[in-house]
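If you want the building blocks of each chain, they are given just below.
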Amino acid sequence: MSFALLRVNVRLSQWAIFGWIVFLVAYALFVVLIYPSIAQSTGLLEYMKSLPESMLGSFGLTPEIIDELFGKEGFSLDGWLVTEFLNYWPIVVGIYAFMFGSGILSREADRGTIELLLSHPVQRYTIVATKFVALLAILALLLVASLAGVLLGTLFVEGGVDLGRMSLVLVQAGMAVAAIAAYSTLVSCLVLDPRRSVAIVGGIMAASFILNMLVPALGAAAWLGKLSLFYYYRPFDVVFRGELAASSTLVYLGVTGVCFLAALVVVQRRRAVI
Amino acid sequence: MATNYAIVTQDLTKFYGRQRGIEGVNLRVLEGEVLGFLGPNGAGKTTTLRVFLDLLRPTSGSARIFGLDTQRHDVEIKRRLGNIPGDIALYESLKGSELLDLLGSFRGRGGGRRIKELAERFDLDLGRQVRAYSRGMKQKLAILQAFMHDPELLLLDEPTLGLDPLMQREFYALLAEEHNRGKTVFLSSHILSEVERLCGRVAIIKEGRLVLVDEVEALKRRKVRKMHIHFRREVGKEDLRLPGAELLRLEGQEVEFLMKGDIQTLLAAVARLPVEDIAFPEATLEEAFLEFYQPAPEGAAV
């Protein structure tokens, strides 16, 4: 890995990182700050319970989860945060991950900067590996910023959050996004045209999201949902049980590891990188 | 004594699908020589350079630099070479110094003193962002990144593109110094005068095949040259039958010749005419190629 290249990549993305941090902190703050207005709402509970199970399932909800969300003292802040913020975090941040990841090699090739880099004694895989690590570092930063946004919000509302469980949810969300980043990187190494790689990865991500939403309606074909990375993201389970499901962790780490290694093999074996 | 080659290619061939890049290129570049690589757009010059850098892998054949295979030992080779790409792409958001630091880091050192010397020599402000650089300044930065680590071999693709005449001269001086220090230079260029000035030998590539590898002196003898004469008064066509020159154009007192033979005899014949002014414009690339691109000589490869 090249630390100089890592630094440069983070530096080149600094304004995008800044924008995303501001967005995520604002999003977290917004969700926390509107919490008091819905905390004691019984109408929301009745409305949610009136929804068909398949529709609830699309949002990762079940009648049992809804009961836990509301508890005896109304909607908990933890539950509210998972429902409105953390539930969508991998999709929102996944957009950044796939935009960055799908350009890891293809954008360098398209701009011609790969020729400049590879005129010097550096392995092709070092460039891809370093840029991937830079992406992970940026994602970790966004994760911390999200948690900071939540904590900042709790200063202004009554009732705290379980920091440990919130962190665990974010760890699972981070692993989901890392997996998205890894397959985006692989596609970027397979397809040197950045527009095509963005289209392919974006298509996979959208299809994956829709597939997961449709799982409750698929009946006997519900197993297809397991093909979606979002299927393994279980924020409600994490926040209510306080533990990460081993299967989710395995899938995310497995996809990340396999796609990352495959990307390195592909870039090293490519007959052309320009 | 054994001859040392910096670059050896053997039947080097690269196809892009069905489209030919280069085919059967056999070339040997001696250590310490400056070799000019000529060819029109699309002839295969950039493809050849990219194979040397392992940006492209050959369909068949091989390329060896310093005796090392370009596919298997690309990193070792690149430690010893400097490259100026033909169409330089830089990170626009970085400062010149930051870009050089990044590229220097791949070699484990920044080459600080050499960078400072070269920046002063080419009058380049490394504290500015690349996006604020003009075309010529970007080219200077490309020169710096290629020379900063004092490489043994220089692969240069149109290295003076965008440089003003003063800087071009400085670059030629730098290249001459490097040559005197025993460095090998592989110079791909469209500028014939540049190649003539700097190179000992030239290789000409046409439609992906090497059609000629020869000494520059031999090339000069083959080169088409023109002579423009402005006469004090109109001269009859029969007076313009000059030895070693072919009349191309006659418009009043303006005459253009194609020079082919011995210049001494030609000038002696011209001296008898009422000449007001005489000029020998540099042969254009097109003119030179018209001459070079006659049927390829047998056994052009070296």
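Just so you know, these numbers come straight off a predicted model, no measurement behind them. Numbering of residues starts from 1 in each chain and follows the order in which that chain's sequence is written. For this description, chains carry letters from A and ligands carry numbers from 1, given in the order in which they are written. In keeping with the predicted nature of the model, local features appear solely for residues at pLDDT of at least 70, side-chain atom pairs appear and are counted solely at 80 or more, and the whole-chain, interface and lining totals rest on all residues. Processing note: side-chain calculations cover all non-hydrogen atoms of the structure and skip hydrogens and water entirely.

Colleague: Could you give an account of the overall build of chain B, with specific residues and numbers?
Modeller: The numbering of helices and of strands both runs from the N terminus, where a helix is a DSSP run of H or I of at least 4 residues and a strand a run of E of at least 2. Helix and strand counts for chain B stand at 10 helices and 14 strands. Each residue is assigned to one of three classes by its accessible area relative to the maximum for its type, calculated with a 1.4 Å probe on protein chains only: buried under 20%, partly exposed between the two thresholds, exposed over 50%. Counting all 302 residues of chain B, 51% fall into the buried class. Relative to all contacts within chain B whose residues are 6 or more apart in sequence, the contacts with residues 24 or more apart total 68%. Note that accessible areas follow from Shrake-Rupley with a 1.4 Å probe, and for residues the cover is restricted to the protein chains shown. As displayed, chain B has an accessible area near 14000 Å², and 46% of this comes from carbon and sulfur atoms. Contacts were defined at the residue level, with two residues in contact if any of their heavy atoms lie within 4.5 Å.

Colleague: Let's hear about the sheet that holds strand 4 (residues 60–65) of chain B: which residues, and what values?
Modeller: Residues and elements named next belong to chain B. For two strands to count as paired, DSSP must find a minimum of two bridges between them. The 4 strands lie next to each other as 2-1-4-5, forming an open sheet whose pairing is antiparallel. At either end of the open sheet lies a strand with only one pairing partner, and these are strand 2 (19–30) and strand 5 (68–69). Examined bridge by bridge, strand 1 (residues 5–16) and strand 4 share 5 bridges and lie antiparallel to one another. Across the sheet, residue Ile7 finds its bridge partner in strand 4, namely Ile65.

Colleague: Help me get a handle on the confidence of the model for chain A, residues and values and all.
Modeller: Looking at chain A, the pLDDT average stands at 89 and 99% of residues meet or exceed 70. Highest mean pLDDT in chain A belongs to helix 15 (residues 246–269) of chain A (96); lowest belongs to helix 5 (residues 53–58) of chain A (74). Along the chain, pLDDT gives the predictor's confidence residue by residue, from 0 to 100.

Colleague: An account of the pattern of salt bridges is needed here, citing residue identities and associated values.
Modeller: All names here are of chain B. Every case where a carboxyl oxygen of Asp or Glu lies within 4 Å of a side-chain nitrogen of Lys or Arg is listed as a salt bridge. A complete count under the given rule lists 22 salt bridges over all chains for this structure. Arg80 is the salt-bridge partner of Glu152, the closest N and O atoms lying 2.9 Å from each other. Here Arg80 lies in the loop between helix 2 (74–79) and strand 6 (81–84) and Glu152 lies in the loop between helix 5 (135–147) and strand 7 (153–157), a separation of 72 residues in the sequence. Exposure remark for Glu152: the relative accessible area of 36% places this residue in the partly exposed category. On the basis of relative accessibility, which here comes to 27%, the residue Arg80 falls in the partly exposed class. Salt bridges linked by common partners bring Arg114, Asp150, Glu178, Arg181 and Lys183 together as one network.

Colleague: Pulling in residues and values, what's your account of the packing of aromatic side chains?
Modeller: Paired rings are identified among Phe, Tyr and Trp, the last through its six-membered ring, by centres lying within 6.5 Å, and are further divided according to the angle between planes into stacked (under 30 degrees), edge-to-face (over 60) and tilted (the rest). Applying the stated criterion to the full structure yields 14 aromatic pairs over all chains. Look at Tyr27 of chain A and Phe85 of chain A: their rings are 4.8 Å apart centre to centre, the planes differ by 85 degrees, and that puts the pair in the edge-to-face class. Of this pair, Tyr27 of chain A sits in helix 2 (residues 14–33) while Phe85 of chain A sits in helix 7 (residues 77–86), placing them 58 residues apart in sequence. Ring-over charges, as used throughout, are those where CZ of Arg or NZ of Lys falls within 6 Å of the ring centre and within 35 degrees of the ring normal. Here Arg234 of chain A stacks its cationic end above the ring of Tyr231 of chain A, 4.9 Å away from the centre of that ring. One cation-aromatic arrangement involves Arg28 of chain B over Tyr5 of chain B; the distance from NZ or CZ to the ring centre is 5.1 Å.

Colleague: An account of unusual backbone geometry is needed here, citing residue identities and associated values.
Modeller: Residues and elements named next belong to chain B. Unusually for a residue other than glycine, Asp150 sits at a positive phi of about 55 degrees. Along the polypeptide, Asp150 turns up in the loop between helix 5 and strand 7. Overall, the relative accessible area of 32% leaves Asp150 in the partly exposed class. Unusually for a residue other than glycine, Glu158 sits at a positive phi of about 50 degrees. Inspection of the secondary structure assignment puts Glu158 in the loop between strand 7 and helix 6 (165–180). Glu158 sits in the buried class, given a relative accessible area of 10%.

Colleague: Now, about the nonpolar core: what can you tell me, with residues and values included?
Modeller: All names here are of chain B. Residues belong to one nonpolar core when they are buried, are Ala, Val, Leu, Ile, Met, Phe, Trp, Tyr or Cys, and are joined through side-chain atoms within 4.5 Å. Counting residues in each nonpolar core, the largest one holds 164 residues, and the members touching the most others are Phe147, Phe171 and Phe186. With residues near it in sequence (within four places) discarded, Phe147 still touches Ile84, Arg114, Leu118, Leu154, Leu156, Phe171, Leu174, Leu175 and Glu178. Among the nonpolar cores identified, the runner-up in size contains 14 residues, and Val235, Leu240, Leu242 and Leu266 belong to it.

Colleague: Go over the interface of chain A and chain B, please, and point to the residues and values.
Modeller: How big an interface is tends to be reported as the loss of accessible area on association of its parts. Contacts between chain A and chain B engage 28 residues on the former and 33 residues on the latter. Between chain A and chain B we count 3 salt bridges in total. A salt bridge links Arg124 of chain A to Asp54 of chain B; its shortest N-O distance comes to 4.0 Å. Counted as a polar contact is a pair of N or O atoms within 3.5 Å, where, for protein atoms, one must be capable of donating a hydrogen and the other of accepting one, and residues adjacent in sequence contribute only when both atoms are in side chains. Where chain A packs against chain B, one counts 14 residue pairs in polar contact (both at pLDDT 80 or more). Following the grouping adopted for this structure description, the nonpolar residues are Ala, Val, Leu, Ile, Met, Phe, Trp, Tyr, Cys and Pro, the charged ones are Asp, Glu, Lys and Arg, and the polar ones are all others, Gly among them. A class-by-class count of the residues in the side of chain A that touches chain B yields 13 nonpolar, 7 polar and 8 charged.

Colleague: Lay out helix 1 (residues 45–52) of chain B in plain terms, naming residues and giving numbers.
Modeller: The element helix 1 of chain B is largely enclosed, with a buried count of 6 among its 8 residues. Of the positions making up helix 1 of chain B, those classed as buried are Lys45, Thr47, Thr48, Leu49, Val51 and Phe52 of chain B.

Colleague: An account of a nonpolar patch on the surface is needed here, citing residue identities and associated values.
Modeller: To count toward a patch, a residue needs a relative accessible area over 30% and no salt bridge; like charges are then connected within 9 Å, while nonpolar side chains (Val, Leu, Ile, Met, Phe, Trp, Tyr) are connected within 5 Å. Residues Leu33, Leu152, Leu155 and Phe156 of chain A make up a contiguous nonpolar surface patch of about 430 Å² in total accessible area. Within the element layout of this structure, Leu33 of chain A appears in helix 2.

Colleague: How would you sum up the pairing of strand 11 (residues 225–231) of chain B? Please name residues and give values.
Modeller: Residue and element names in this part refer to chain B. Here strand 11 runs beside strand 13 (residues 254–259); their pairing, made up of 6 bridges, is antiparallel. Opposite Lys226, over in strand 13, you have Leu258 as the bridge partner. Looking at chain direction, strand 11 and strand 14 (residues 275–279) are connected through 4 bridges and run antiparallel. Its bridge partner being in strand 14, Phe231 is matched across the sheet by Val275.

Colleague: Explain the packing of helix 4 (residues 43–50) of chain A against helix 6 (residues 63–70) of chain A to me, using residue names and the numbers behind them.
Modeller: Residue and element names in this part refer to chain A. Fitting a line to C-alpha atoms yields each axis, with helices limited to the stretch in contact; the angle taken between N-to-C directions then spans 0 to 180 degrees. Running from amino to carboxyl end, helix 4 crosses helix 6 at an angle of 175 degrees, the nearest separation of the two axes being 10 Å. Judged by the inter-axis angle, helix 4 sits roughly antiparallel to helix 6. Contacts from Leu44, Leu45, Met48 and Lys49 in helix 4 reach Ile66, Asp67, Leu69 and Phe70 in helix 6. Geometric relationships in this document are graded by angle, where less than 35 degrees denotes roughly parallel, more than 145 denotes roughly antiparallel, 65 to 115 denotes roughly perpendicular, and other angles denote oblique.

Colleague: Which residues make up helix 9 (residues 263–270) of chain B, and what values do they have?
Modeller: Residue and element names in this part refer to chain B. When we look at burial in helix 9, the residues that qualify are Leu266, Ala269 and Val270. Across the axial projection of helix 9, the buried residues extend over an arc of 100 degrees, all falling on one side. Where the residues of helix 9 are buried, they touch strand 11, strand 12 (245–251), strand 13 and strand 14. The directions considered for the arc are those from the helix axis to the C-beta atoms.

Colleague: Please provide a residue-by-residue account of the layout of surface pockets, values included.
Modeller: Residues and elements named next belong to chain A. Computed over the protein atoms alone on a 1 Å grid, cavities are sets of points where a 1.4 Å probe fits but cannot get out and pockets are open sets with protein on both sides within 12 Å along at least five of seven lines; a residue lines them when it has an atom within 4 Å of a point. Grid points are joined across faces, edges and corners, and a volume is the space filled by probe spheres set on the points. In this structure, the largest pocket encloses a volume near 440 Å³. Along the wall of the largest pocket there are 23 residues; nearest its centre are Gly57, Phe59, Gly60, Asn212 and Tyr233. Of all the secondary-structure elements, those providing two or more residues to the lining of the largest pocket are helix 5, helix 8 (89–101), helix 13 (194–214) and helix 14 (235–241). Its residues placed into classes, the lining of the largest pocket shows 15 nonpolar, 6 polar and 2 charged.

Colleague: Explain the environment of Phe37 of chain B to me, and be specific about the residues and the numbers.
Modeller: Inspection of the secondary structure puts Phe37 of chain B in strand 3 (residues 34–38). If we ignore the near neighbours within four places in the chain, the residues touching Phe37 of chain B are Lys45, Thr48, Phe186, Leu187, Ser188, Ser189, Ala203, Ile205 and Leu210 of chain B.

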